[in-house]
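Coordinate analysis (summary)
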Amino acid sequence: MKRRWVIPDIHGCVNTLKALIEEQIKPTLSDELFFLGDYIDRGPDSKGVIDYILSLQKSGIKLTTLKGNHEDFLVELYDSKLQPKKPWFLRIFSRKKRSWIGIGGKETLKSFGIHSIKNIPLEYIEWMRNLENYVCLDNFILVHAGLNCTIEDPFSDTHSMIWIRDFEIDFTKTGKRKVIHGHVPVNLQFIDLSIRNNYFKFIDLDNGPYISGKEGFGNLVALELTQMQMVIMDNRDL
């Protein structure tokens, strides 16, 4: 039977991702993998995460990669680094860079063995730039952060798909599809409840794999959509 696995925010935890894929999911060429974004920052090996996902693709496994806010932010910073160095612009860039460093950018640079954003190999930047914003399946919409259903066409608001935190789902605008997303870490009990209870119009799969010392958090999870089966991998990186 064809299986469809959804994997949320990885945040540089490549050993945890490998363990989830190779020990729990064990994908075959008939399966599909859907990644919800935030491959980089916070954890120790952002480059390794991207390299591993690319290796899965090269092996023939069908996968779809969505864009997270961390990829979106890094691409913005990379593009800004190449702009003319006017004083007002440098102030804005410096403020944004400090913000990125504070959410794990330092670890990302270290994983590439560099000290400056401009030295990230262009092929990685373009990979992040060209990630998809959402996927529409029969019963689900997959997206990194969520949907802005306060407007007529929520699929026109790509910024919200990547960055929104608080939102309500309008089934008339999603074709009665549940929204599966990451972006905001929630505990395992809440994830399990949202999977098992049809009352929920959304499933947040982000358990914050980089979080340590907080009960109910710190794992990388995956959800198989055919059987609605969740698997859990404890962190193997931190």
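In case you missed it, the structure is sitting above this.
Residues numbered from 1 in each chain as written. Predicted model: local features only at pLDDT ≥ 70, side-chain atom pairs only at ≥ 80, totals over all residues. Heavy atoms only, no water.

**Brief notes about the overall build of the protein chain**
When helices and strands are tallied, the protein chain shows 8 helices and 9 strands. Radius of gyration (C-alpha) of the protein chain: 18 Å, near the 18 Å computed for a compact globule of 238 residues. With respect to the three principal axes, the spread of C-alpha positions in the protein chain is 55 × 40 × 35 Å. For the protein chain, buried positions account for 52% of its 238 residues. In the protein chain, of all internal contacts separated by at least 6 residues, the share reaching a separation of at least 24 is 65%. Entry remark: accessible area of the protein chain is about 11500 Å², with carbon and sulfur atoms responsible for 49%. (Helix = DSSP H or I, 4+ residues; strand = E, 2+ residues; numbered from the N terminus. Rg over C-alpha atoms; globule rule 2.2 N^0.38 Å. Buried < 20%, exposed > 50% of the residue type's maximum accessible area, 1.4 Å probe, protein only. Contact = heavy atoms within 4.5 Å. Areas by Shrake-Rupley, 256 points an atom, 1.4 Å probe, with all protein chains shown as cover.)

**Notes on the pairing of strand 1 (residues 4–7)**
Across 4 bridges, strand 1 lies against strand 2 (residues 32–35) in parallel orientation. Following the sheet pairing, Arg-4 is matched in strand 2 by Glu-32. In this fold, the crossover linking strand 1 to strand 2 by way of helix 1 (residues 14–25) has right-handed handedness. Where strand 1 meets strand 8 (residues 219–224), 2 bridges bridge the pair, whose relative direction is antiparallel. Paired with Trp-5 across the bridge in strand 8 is Glu-224. (Pairing = 2+ DSSP bridges. Right-handed = clockwise from strand over helix to strand, strands pointing away.)

**Re the sheet that holds strand 1**
Overall, mixed pairing links the 5 strands, which are arranged 3-2-1-8-9 in an open sheet. Unpaired on one side and paired on the other, strand 3 (62–65) and strand 9 (229–234) mark the two borders of the sheet. Along the sheet, successive strands turn relative to each other by an average axial angle of 20°, direction set aside. Sheet strands touched by helix 1: strand 1, strand 2, strand 8 and strand 9. Its angle to strand 9, the strand with the most contacts, is close to 135°. (Axes fitted to C-alpha atoms, helices over the stretch in contact; angles between N-to-C directions.)

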